[in-house]
Amino acid sequence: SSWWKNVEPAPKDPILGVTEAFLADPSPDKVNVGVGAYRDDNGKPVVLECVREAERRIAGTSFMEYLPMGGSVKMVDETLKLAYGDNSEFIKDKRIAAVQSLSGTGACRLFADFQKRFRPDSQIYIPVPTWSNHHNIWRDAQVTQKTYHYYHPETKGLDFSGLMDDVKNAPQGSFFLLHACAHNPTGVDPTEEQWREISQLFKAKNHFAFFDMAYQGFASGDPARDAKSIRIFLEDGHHIGISQSYAKNMGLYGQRVGCLSVLCEDEKQAVTVKSQLQQLARPMYSNPPLHGAQIVSTILGDPALKGLWLKEVKVMADRIIGMRTALRESLEKLGSPLSWEHVTKQIGMFCYSGMTPEQVDRLTSEYHIYMTRNGRISMAGVTTGNVGYLANAIHEVTK
Ligand SMILES: Cc1ncc(COP(=O)(O)O)c(CN[C@](O)(C(=O)O)[C@@H](O)C(=O)O)c1O
């Protein structure tokens, strides 16, 4: 029709486009280390036992009524405890405006739209590099983006001094996007000591910290430990925003379950801010999906199921850590001239290999190995069955 002849094809998503290419490849040797989706040692997706048990308990027990615009209060209350702490004074004082979101993406977008609506002249400082969709989210929210130094290519570690300079030189009261743990795509996190320095400098500059926590539990295997950066900022009195997701750490990917929270001055302000978050949600999707929220509420609301979940998260994190060691050792055994120390030093779901886009293209064309062109390896896709094949291919394209 002539209505849309002006419409251009959208560019392939740098991450989800890799999944499409992988699925289209008929080769029996193909390996997907692209999208951040956990796989077991047989390369299969996993539904956690605690999730299966929760589904058994809720099956057929509830109606299919709408949730409120802010989603499931029970799920949100349990979720806030994971981020702010079981005995958080902020939860007790009802100072947190929080709504169930369409997973982590939805929480980030809802915040970006809230920021645009109520701080229209504000900008957002985004780390280099970051999850590619962060740029899309704040672009479509029409919030001007700035960047701050984060990854140090030479050391394959954190550019702490570059980061601190950018934080210091940003105008007073700037908005910063921070990865709470398990940075995507680099797998590089500030140390606890560095987080304390960052928090102090944010205090001095009166900056706003928005934490995206999409991998709580995947960095150390312990969700409480992985929230350390957030706890440091809270102890220092920052009024922060947080995006939380159950996609990875509860394996609820397609259920789209997450939470956006904003710590306010007092209960009154929290009620006001929540009302505006709901006001943004209503014309966007009206109210969030029911099933995933029921799964989360059932698990976190039952101490035995929550205990099972904590065990299962650690199993996933430990398997990934084991694959880091296996990949590094395989590369070293092949006599690679390069250092692969970063493979085991980096944490969380991703290894930022340092390979060039051209080397990644060769991995795909010659070895049917799929990863994002920035050289990020989703370690969750590495198994004892394919780690040797992967290491050999990486060695061949990098030697
Ligand atoms: C830092 C960060 N924040 C938020 C999300 C959103 O996650 P969800 O909306 O599903 O809760 C991801 C997922 N990023 C990916 O794992 C990835 O980078 O491969 C993948 O799921 C994606 O959507 O790109 C992420 O890496």
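Report on the accompanying structure. Only a predicted model underlies this, so the values are computations on that prediction, with no experimental measurement involved. (Residues numbered from 1 in each chain as written. Predicted model: local features only at pLDDT ≥ 70, side-chain atom pairs only at ≥ 80, totals over all residues. Heavy atoms only, no water.)

**Description of the overall build of the protein chain**
Part 1 of the reasoning: Each helix and strand counted, the protein chain has 16 helices and 13 strands in total.
Part 2 of the reasoning: Relative to its length of 399 residues, the protein chain is compact, with a C-alpha radius of gyration of 21 Å against a globular reference of 21 Å.
Part 3 of the reasoning: Along the longest, intermediate and shortest principal axes, the C-alpha atoms of the protein chain span 60 × 55 × 55 Å.
Part 4 of the reasoning: Among the 399 residues that make up the protein chain, the fraction classed as buried is 55%.
Part 5 of the reasoning: Considering only intrachain contacts with a sequence separation of at least 6, the fraction spanning at least 24 residues in the protein chain is 75%. (Helix = DSSP H or I, 4+ residues; strand = E, 2+ residues; numbered from the N terminus. Rg over C-alpha atoms; globule rule 2.2 N^0.38 Å. Buried < 20%, exposed > 50% of the residue type's maximum accessible area, 1.4 Å probe, protein only. Contact = heavy atoms within 4.5 Å.)

**Some thoughts on the sheet that holds strand S9 (residues 241–245)**
Part 1 of the reasoning: With mixed pairing, the 7 strands of this open sheet are ordered in space as S2-S10-S9-S8-S7-S3-S4. In this open sheet, the two strands that pair with only one neighbour each are strand S2 (96–102) and strand S4 (144–149). Taking the axes of each pair of neighbouring strands and ignoring which way they run, one obtains an average angle of 25° across the sheet.
Part 2 of the reasoning: Two strands pair when backbone bridges link them, and strand S3 (residues 123–128) and S4 are joined in this way by 6 bridges, in the parallel orientation. (Pairing = 2+ DSSP bridges. Axes fitted to C-alpha atoms, helices over the stretch in contact; angles between N-to-C directions.)

**Some details on the pairing of S3**
Part 1 of the reasoning: The β-α-β motif built from S3, the intervening helix H6 (residues 132–140) and the parallel element S4 has right-handed crossover chirality.
Part 2 of the reasoning: Note that S3 and strand S7 (residues 175–179) share 2 bridges and pair parallel. If you follow Ile124 over to S7, its bridge partner there is Phe175. (Right-handed = clockwise from strand over helix to strand, strands pointing away.)

**Section: the packing of aromatic side chains**
Part 1 of the reasoning: One pass over the full model with this rule turns up 17 aromatic pairs.
Part 2 of the reasoning: Ring geometry for Tyr38 and Phe218: centres 6.4 Å apart, planes at 45°, overall tilted. Highlighted residues: Tyr38 in the loop between strand S1 (31–32) and helix H2 (49–58) and Phe218 in the loop between strand S8 (208–213) and helix H9 (223–226), separated in sequence by 180 residues. Phe218 carries the same exposure label as Tyr38, and that label is buried.
Part 3 of the reasoning: For the ring pair Tyr151 and Tyr352, a centre distance of 4.8 Å and an interplane angle of 90° mean the geometry is edge-to-face. With Tyr151 in strand S5 (residues 151–152) and Tyr352 in strand S11 (residues 350–352), this pair connects stretches of sequence that are 201 residues apart.
Part 4 of the reasoning: Overall, Tyr151 belongs to the buried group, its relative accessible area being 12%.
Part 5 of the reasoning: On the basis of relative accessibility, which here comes to 12%, the residue Tyr352 falls in the buried class.
Part 6 of the reasoning: The ring of Phe22 carries the charged tip of Lys30 above its face, separated from the ring centre by 4.5 Å.
Part 7 of the reasoning: Its end group placed over the ring of Phe350, Arg376 keeps NZ or CZ at 3.8 Å from the ring centre. (Phe/Tyr/Trp six-rings, centres within 6.5 Å; stacked < 30°, edge-to-face > 60°. Lys NZ or Arg CZ within 6 Å of the ring centre and 35° of its normal.)

**Quick notes on a negative patch on the surface**
Part 1 of the reasoning: Residues Glu89, Asp93, Glu265, Asp266 and Glu267 make up a contiguous surface patch of negative charge.
Part 2 of the reasoning: Here Glu265 lies in the loop between strand S10 (257–263) and helix H11 (267–284). (Patch = residues over 30% accessible without salt bridge, like charges linked within 9 Å, V, L, I, M, F, W, Y side chains within 5 Å. Areas by Shrake-Rupley, 256 points an atom, 1.4 Å probe, with all protein chains shown as cover. Salt bridge = Lys/Arg side-chain N within 4 Å of Asp/Glu carboxyl O. Lys, Arg positive; Asp, Glu negative; His and termini not counted. Charge placed at Lys NZ, Arg CZ, Asp CG, Glu CD.)

**Looking at the site of the ligand**
Part 1 of the reasoning: Neighbouring the ligand are 18 residues, the closest being Ser103, Thr105, Asp212, Tyr215 and Lys248.
Part 2 of the reasoning: Ser103 is positioned with one of its side-chain polar atoms (N or O) 2.6 Å from an oxygen atom of the ligand.
Part 3 of the reasoning: Between the ligand and Lys248 there is a distance of 2.3 Å, counted from an oxygen atom to a side-chain nitrogen or oxygen.
Part 4 of the reasoning: With the chains in place, 93% of the 540 Å² that the ligand exposes on its own is no longer accessible.
Part 5 of the reasoning: Top contributing element to the shell around the ligand by residue count: helix H5 (residues 103–118), with 3 residues.
Part 6 of the reasoning: A per-class count over the shell around the ligand returns 7 nonpolar, 7 polar and 4 charged. (Near = heavy atom within 4 Å. Polar contact = N/O pair within 3.5 Å; in protein donor to acceptor, adjacent residues only side chain to side chain. Nonpolar A, V, L, I, M, F, W, Y, C, P; charged D, E, K, R; others polar.)

**Comments concerning the packing of helix H3 (residues 73–84) against helix H10 (residues 228–235)**
Part 1 of the reasoning: One can describe the packing of H3 onto H10 by two numbers: an axis separation of 8 Å at closest approach and a directional angle of 85°. By the angle class used here, H3 and H10 are roughly perpendicular. Note on element contacts: H10 touches H3 through Ile230, Arg231 and Leu234, opposite Lys81, Leu82, Ala83 and Tyr84.
Part 2 of the reasoning: Residue classes in the contact of H3 with H10 are distributed as 5 nonpolar, no polar and 2 charged. (Parallel < 35°, antiparallel > 145°, perpendicular 65-115°, else oblique.)

**Some details on the state of the cysteines**
Part 1 of the reasoning: By the definition in use, this model includes 0 disulfides.
Part 2 of the reasoning: The thiol of Cys181 is unpaired, and the distance to the nearest cysteine sulfur, on Cys108, comes to 13 Å.
Part 3 of the reasoning: Given the relative accessible area of 4%, Cys181 is considered buried.
Part 4 of the reasoning: For the unlinked cysteine Cys351, the closest cysteine sulfur is that of Cys181, found at 17 Å.
Part 5 of the reasoning: Judged by its relative accessible area of 0%, Cys351 falls in the buried class. (Disulfide = S-S within 2.5 Å.)

**Focus: the environment of Leu178**
Part 1 of the reasoning: Note on placement: Leu178 falls in strand S7.
Part 2 of the reasoning: Residues Leu178 and Lys228, spaced 50 residues apart in sequence, show a C-alpha to C-alpha distance of 13 Å.
Part 3 of the reasoning: Each residue touching Leu178, except ones within four places of it in the same chain, is listed here: Tyr148, Trp195, Phe202, Ala209, Phe210, Phe211, Asp212 and Phe233.

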